[in-house]
Amino acid sequence: DIFCVQDEITRCIITAILPGIYQAESQHAARKAPESLGVWELIIRAHTFLRRFGKSDLAEARELLNKALTLNPNNSMAYSDLALVHHFEAVFGWTDSAEQSHKSFINAARKAVELDSENAAAHAVLAISELFSGEHQKSLDRLNQSTSLDPNLTLAHGYKGIVHAFAGNAQESILHINEATRLSPRDAYIVLWNIGRAW
């Protein structure tokens, strides 16, 4: 049992400090001149805009991620975030063509996984594209793969809840949404989990 306790303590520590690390990195990147930002700083800065759920914020995130991909065309994290930008623009109607944005979403998500098959976030984003393409079981299987790669990934836990909500499995849905909320109670995506809980 000692190893189980050790794993749980490790998870608790990671869960507690990870949002702070991202916030500190984002603040550091925000203080630098845009032209001096490296790939990691561009991605971290884009994270901030991506989680604000505003039309101009998503446009800013897209621009930062495209800059990051210009500097490093093989960055899986940048592609997975870019996929989410396209997804949210399609969902919120902030695009000239929701169909084209959805295609861009799928392509970026696939590219993210292709570039790094061990990137849990990339698998979670590809799972979201599968969910919104009507492939619920495929999406759930991929989300399970994502949480096996990273048991603390709130995005994967939350979307497991949303997949189950779409399927009408209320108890399973609430279970996963509660886990996402427990893992990161101040996460910007909490709005999505609350929508899922309402469904």
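Anything mentioned here points back to the structure above.
## Considerations on the overall build of the protein chain
Here's step 1: Helix and strand content of the protein chain: 10 helices and 0 strands.
Here's step 2: In the protein chain, the succession of α and β elements from N to C terminus is α-α-α-α-α-α-α-α-α-α.
Here's step 3: Within the protein chain, the fraction of its 199 residues that count as buried is 45%.
Here's step 4: Across the protein chain, contacts joining residues at least 24 apart in sequence account for 54% of those joining residues at least 6 apart.

## A look at the environment of Leu143
Here's step 1: On the secondary structure map, Leu143 appears in helix α7 (residues 136-149).
Here's step 2: Remark: the alpha-carbon pair of Leu143 and His157, spanning 14 residues in sequence, is separated by 7.6 Å.
Here's step 3: Not counting chain neighbours up to four residues away, the residues in contact with Leu143 comprise Ala124, Ala127, Ala156, Tyr159, Lys160 and Val163.

## Looking at the side chain of Ser129
Here's step 1: Here Ser129 shows up in helix α6 (residues 120-131).
Here's step 2: Looking at Ser129, its side chain comes within polar contact range of the main-chain oxygen of Leu126, at 2.7 Å.
Here's step 3: With residues up to four places along the chain from it excluded, the contact list for Ser129 reads His102, Phe105, Ile106 and Ala109.

Conventions used here
Residue positions are given per chain, counted from 1 along the sequence in the order it is written. Only residues with pLDDT of 70 or above have their local features reported here, since the model is predicted, and side-chain atom pairs are shown and tallied only from 80 upward, although totals for entire chains, interfaces and linings are computed over all residues. Hydrogens are left out, water is left out, and the side-chain values use all remaining heavy atoms of the structure. A run of H or I in DSSP counts as a helix once it spans at least four residues, and a run of E counts as a strand once it spans at least two, with each numbered from the N terminus. Each residue's exposure class comes from its accessible area (1.4 Å probe, protein chains only) as a fraction of the maximum for that residue type: buried when under 20%, exposed when over 50%, partly exposed otherwise. Contacts are assigned to residue pairs that have any heavy atoms within 4.5 Å of one another. Throughout this description, a polar contact denotes any pair of N or O atoms lying within 3.5 Å of each other; where both atoms belong to protein, one of them has to be capable of donating a hydrogen while the other can accept it, and for residues adjacent in sequence the pair is counted only when both atoms sit in side chains.

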